Amino acid sequence: AFGVIADIQFADAEDGHDFAGTRRRYYRHSLRLLRDAVRAWAAETPPVAFVLQLGDSIDGLNARRGEAEGSLQQVLEALGRLPVPVHHAWGNHELYNFSRARLARSGLCSRPAGGSAGPPDRLCQAYHCSPAVRLRLVVLDAYDLSTLGRDPGCPRYEESLRLLRNKNPNKDLNSPAGLKEPQFVAFNGGFSQAQLDWFDEVLKFSDENQEKVVVMGHLPIHPDASDRVCLAWNYEAALSVIHSHRCVVCVLAGHLHDGGYCLDSHGVHHLTLEGVIETPPESNAFGTIYVYEDKMILKGRGRIGDRVMHF
């Protein structure tokens, strides 16, 4: 069994709204909801083996208030009360607050030390591990291609900016207005070819060893499990890698606070978790997933419903 949670977006601030001004965000309460989730996971029998934190652990508001380090520390302290590993995806809000180099030195860097678990780029938060026999977890870095968190002028920043401007002619690069591919906005990102090649090799290994693979990342990669704006830039390339193998059973993502789900044409479950940040204080948004030989069962809390996902 393992825990799942997404889009905590904590800030020590009064309630606010999303960028459109239409959806309420409970900045301060999100930390209390996280603590409630940690207490629930700690009481599980049998205990959870690990937790997946699907990105956007603190809100971009912290950067403007000079409170990024303190807010992150509070989130990490809450998660640190669990005696099990926490695997972190990096989302856009982490990158509003910190550079990639800083994240790589922070408690949000759950990539193992040494080079064998992930791509050659040590600033890429992608890696794999085997938490149980014949089960593999792959963490993807959906902002490997992005203008966020990188120094302007560095090659990856320039490559990402060229791609973004080629797809998005709007003055505001966070606006999807009029785009044929509305995922090409600055608050999203994508996967470098190096990461995709590495991902392909990991899945090849899992095929050969008859493993089941769970993939996690901040951005959804299937349009039926997301709105079109919240997808990874090159989601089709990531899907192509997955569909060229037999081993992947589930892809877990955040970013879209309403959540989403689909079973795709290759039998892969795509589950996008509802965000904690837009969850009223009297509710919650987390879950526990129980893994069996032939299925995974999600027991959700609050906004997240139960679901059975057969292999």
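Residues numbered from 1 in each chain as written. Predicted model: local features only at pLDDT ≥ 70, side-chain atom pairs only at ≥ 80, totals over all residues. Heavy atoms only, no water.

- An unreviewed UniProt entry lists the protein under the name Manganese-dependent ADP-ribose/CDP-alcohol diphosphatase, from Sclerurus mexicanus.
- Taken verbatim from the UniProt record of the protein, the Subunit (unreviewed entry) comment is "Monomer." (UniProt positions renumbered as here; feature names shortened; annotations may be inferred.)

1. Things to note about the packing of aromatic side chains
Next, step 1: Scanning the entire structure with this criterion turns up three aromatic pairs.
Next, step 2: Here the aromatic rings of F2 and F50 are separated by 4.8 Å at their centres, their planes lie at 10°, and the arrangement is stacked. Of this pair, F2 sits in strand β1 (residues 2–5) while F50 sits in strand β4 (residues 50–53), and the two are 48 residues apart along the sequence. An identical accessibility class is assigned to F2 and F50; each is buried.
Next, step 3: With 5.8 Å between their ring centres and 25° between their planes, F184 and W233 make a pair best called stacked. On the criterion of sequence distance, the pair formed by F184 in the loop between α6 (155–167) and α7 (193–208) and W233 in the loop between β8 (212–216) and α8 (235–243) is long-range, its members being 49 residues apart.
Next, step 4: Judged by relative accessible area, which is 2%, W233 ranks as buried.
Next, step 5: Of note, R25 hangs over the ring of F19, and the distance from its end group to the ring centre comes to 5.7 Å. (Phe/Tyr/Trp six-rings, centres within 6.5 Å; stacked < 30°, edge-to-face > 60°. Helix = DSSP H or I, 4+ residues; strand = E, 2+ residues; numbered from the N terminus. Buried < 20%, exposed > 50% of the residue type's maximum accessible area, 1.4 Å probe, protein only. Lys NZ or Arg CZ within 6 Å of the ring centre and 35° of its normal.)

2. As for the sheet that holds strand β13 (residues 295–302)
Next, step 1: On the basis of which strands lie adjacent, the open sheet formed by six strands has the order β5-β4-β1-β12-β13-β14 and mixed pairing. The two strands at the open ends of the sheet, each matched to only one other strand, are β5 (86–88) and β14 (307–310). Averaged over all pairs of adjacent strands, the angle between strand axes in this sheet comes to 20°, irrespective of strand direction.
Next, step 2: Two elements, β1 and β4, share four bridges in a ladder whose sense is parallel. Looking at the pairing, F2 lines up with F50 of β4. (Pairing = 2+ DSSP bridges. Axes fitted to C-alpha atoms, helices over the stretch in contact; angles between N-to-C directions.)

3. Comments concerning the pattern of salt bridges
Next, step 1: Under the definition given, this model contains 18 salt bridges.
Next, step 2: Across the pair R32 and D36 runs a salt bridge, and its minimum N-O distance is 3.5 Å. Of this pair, R32 and D36 both sit in helix α1 (residues 29–42), four residues apart, which is roughly one turn of that helix.
Next, step 3: A residue is classified by how much of its surface remains accessible, and R32, at 35% relative accessible area, is partly exposed.
Next, step 4: Judged by relative accessible area, D36 falls into the partly exposed class, the value being 25%.
Next, step 5: Where R156 meets D144, a salt bridge forms, and the shortest distance between an N and an O atom there is 2.8 Å. With a gap of 12 residues between them, R156 in helix α6 and D144 in the loop between β7 (135–139) and α6 connect regions that are remote in the sequence.
Next, step 6: Taking relative accessible area as the criterion, D144 reaches 2% and is therefore assigned buried.
Next, step 7: Salt bridges linked by common partners bring R23, R25, D258 and E278 together as one network. (Salt bridge = Lys/Arg side-chain N within 4 Å of Asp/Glu carboxyl O.)

4. Considerations on unusual backbone geometry
Next, step 1: Omega for the peptide link from T45 to P46 comes to -5°, which places this bond in the cis form.
Next, step 2: For P46, the position within the fold is in the loop between α1 and β4.
Next, step 3: Here Q210, not a glycine, exhibits a phi torsion of approximately 55°, which is positive.
Next, step 4: With respect to the secondary-structure elements, Q210 resides in the loop between α7 and β8.
Next, step 5: We classify Q210 as exposed; its relative accessible area is 58%.
Next, step 6: The phi dihedral of H255 is positive, around 75°, even though this residue is not glycine.

5. Let's talk about the sheet that holds β7
Next, step 1: Read from one edge to the other, the open sheet built from six strands follows the order β6-β7-β8-β9-β11-β10, with strand pairing classed as mixed. Strand pairing shows two members of the sheet lacking a second neighbour, β6 (127–132) and β10 (260–263), which therefore form its edges. Strand-to-strand twist in this sheet, taken as the mean axis angle between neighbours without regard to direction, amounts to 15°.
Next, step 2: Where β6 lies against β7, four bridges are found, and the strand directions are antiparallel. Along β7, the bridge assignment pairs Y127 with V139.
Next, step 3: α7 contacts β6, β7, β8 and β9 (248–253) of the sheet and is inclined by roughly 175° relative to β7. (Contact = heavy atoms within 4.5 Å.)

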